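Given next are the chains, with one letter for each unit.
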Amino acid sequence: MSESKPPYLRSVLESIPAYKPGKKVVGPDGRSIKLSSNESPYGPLPSVREAITRATAELNRYPDPGAAELTAALADRLDVPEEHLALGAGSVGLLQQLLEAVGEPGAELVYAWRSFEAYPLLAELSGVTSVRVPLRDETHDLDAMAEAITDRTRMVLLCNPNNPTGTTVGADELAAFLDRVPDHVLVVLDEAYREYVRDASVPDGLDLYRDRPNVAVLRTFSKAYGLAAVRLGFLVAHPQVAAAVGKTLVPFAVNHLAQAAGVASLAAEDELLERVAATVKERTRVRDALLDAGWTVPPTEANFVWLRLGDDTLDFAAACAEAGVSVRPFDGEGARVSIGTPEENDVLLSVATQYPKRR
């Protein structure tokens, strides 16, 4: 009998590292504080939990494939036509759908680096070539990004606020950048942290997309809405793009519980905004305390802060882990620290203010 061979798989998989989610650590006293995944420290709102509970009675049925009730609620809330909406399993799921819609051999994707760590993984899986443009002063270098666009560019990704730095680009500079992008190149504004923005100079992508058919906006229920576990995101774009993204959605990928949770969350917006305001207040407190302790912390409009640590990154993450706090280290670059409850943030600050290698 001849020696068996493993099944043939795509060769690109050998070079793609698996996505690494934020870790959970346990300190010596059993304490576990997870500040590594930019999750809301608060669970779903009571009315949302009730809606999810009611929806569990129908788990024997497939979900509405068109998510009609949620789509209508989003269209009303955002003041956009329903045909301008597409849903997916989180904004990262929609990004994969977008790449499937635009990707083909030789196509290029332009994005800043460092930015969301899923960008290069999804690009390689879709067969698209990544064109990474280095950050300047911890934020997007829009001039360099515009210059990186070629006749092979199919899509530009712009994360605003940027993950993991929390920095933003303003309305005027973003509009000037969009004016430089050819009409046939799709520009995707990843606004996963939009609800936390308080700087009035930061544009709302929905205002920009309306008169620009090549602009699309990604948002998610995972962060501010406290629904990371149900995997729900949405895209706002002109009909040609929204329809293409809808075609790449795996049937029933937006499940019944997610749809129920999304509708209930939109109806409870006042309560939601109170929680967001509490996180923003804590963000200010944490950053101010770090600055007072000698850290250099760029201004952030997200629910996290960025510590540029270079070679000390893993050492700092280990010091946090010893106290039962998990942060998100990027080896050789820095650590991203999510904003938790005041009590959780106090533990993080006790470690950071005593850390000897502050930057």
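Parameters at a glance
Residues numbered from 1 in each chain as written. Predicted model: local features only at pLDDT ≥ 70, side-chain atom pairs only at ≥ 80, totals over all residues. Heavy atoms only, no water. UniProt positions renumbered as here; feature names shortened; annotations may be inferred. Helix = DSSP H or I, 4+ residues; strand = E, 2+ residues; numbered from the N terminus. Rg over C-alpha atoms; globule rule 2.2 N^0.38 Å. Buried < 20%, exposed > 50% of the residue type's maximum accessible area, 1.4 Å probe, protein only. Contact = heavy atoms within 4.5 Å. Areas by Shrake-Rupley, 256 points an atom, 1.4 Å probe, with all protein chains shown as cover. Phe/Tyr/Trp six-rings, centres within 6.5 Å; stacked < 30°, edge-to-face > 60°. Lys NZ or Arg CZ within 6 Å of the ring centre and 35° of its normal. Arc of directions from axis to C-beta.

The name recorded for the chain in an unreviewed UniProt entry is Aromatic amino acid aminotransferase, from Nocardiopsis coralli. Among the UniProt annotations of the chain, the heading Catalytic activity (unreviewed entry) holds the following wording: "an aromatic L-alpha-amino acid + 2-oxoglutarate = an aromatic oxo-acid + L-glutamate". Under the UniProt heading Subunit (unreviewed entry), the entry covering the chain gives this text: "Homodimer."

Before going further, it helps to spend a moment on the overall build of the chain. From N to C terminus, the chain includes 12 helices and 12 strands. Over its C-alpha trace the chain gives a radius of gyration of 21 Å, about what one expects of a compact globule, namely 21 Å for 359 residues. Counting the 359 residues in the chain, one finds 54% classified as buried. Put simply, of all contacts in the chain between residues at least 6 apart along the chain, 73% involve residues at least 24 apart. Just so you have it, the chain exposes about 16,600 Å², and 52% of that area is on carbon and sulfur atoms.

Turning to the packing of aromatic side chains, a few remarks are in order. Within the structure shown, the criterion is met by 11 aromatic pairs. Consider the rings of Tyr111 and Trp113, whose centres lie 6.0 Å apart with planes at 75°: the pair is edge-to-face. Overall, Tyr111 belongs to the buried group, its relative accessible area being 0%. Taking the centre distance of 5.1 Å and the plane angle of 80° together, the rings of Tyr193 and Phe304 count as edge-to-face. Of the two residues, Tyr193 is situated in the loop between strand S6 (186–190) and helix H7 (205–209) and Phe304 in strand S9 (residues 304–308); the sequence distance between them amounts to 111 residues. The same class applies to Tyr193 as to Phe304, namely buried. Ring pairs connect the aromatic residues Tyr111, Trp113, Phe116 and Tyr119, which therefore count as one cluster. Looking at Arg132, its charged tip hangs above the ring of Trp113, at a distance of 4.6 Å from the centre.

This next bit is on unusual backbone geometry. Here the residue pair Trp113 and Arg114 is connected by a cis peptide bond, since its omega of 15° sits within 30 degrees of zero. Cis geometry marks the peptide bond from Asn160 to Pro161; its omega dihedral reads 0°. Residue position: Pro161 is located in the loop between strand S5 (153–159) and helix H6 (171–180). Backbone geometry places Ala67, a non-glycine residue, at a positive phi of 45°. Tracing the backbone through its elements, the reader meets Ala67 in the loop between helix H1 (46–55) and helix H2 (68–78).

Glancing now at H1. Restricting attention to buried positions, one finds in H1 the residues Val48, Ala51, Ile52 and Ala55. The buried residues of H1 all sit within an arc of 100° when viewed along its axis, so they share a single face. Residues of H1 that are exposed and point over 90 degrees away from its buried face: Thr53 and Arg54. Lining the buried residues of H1 we find helix H9 (256–267).

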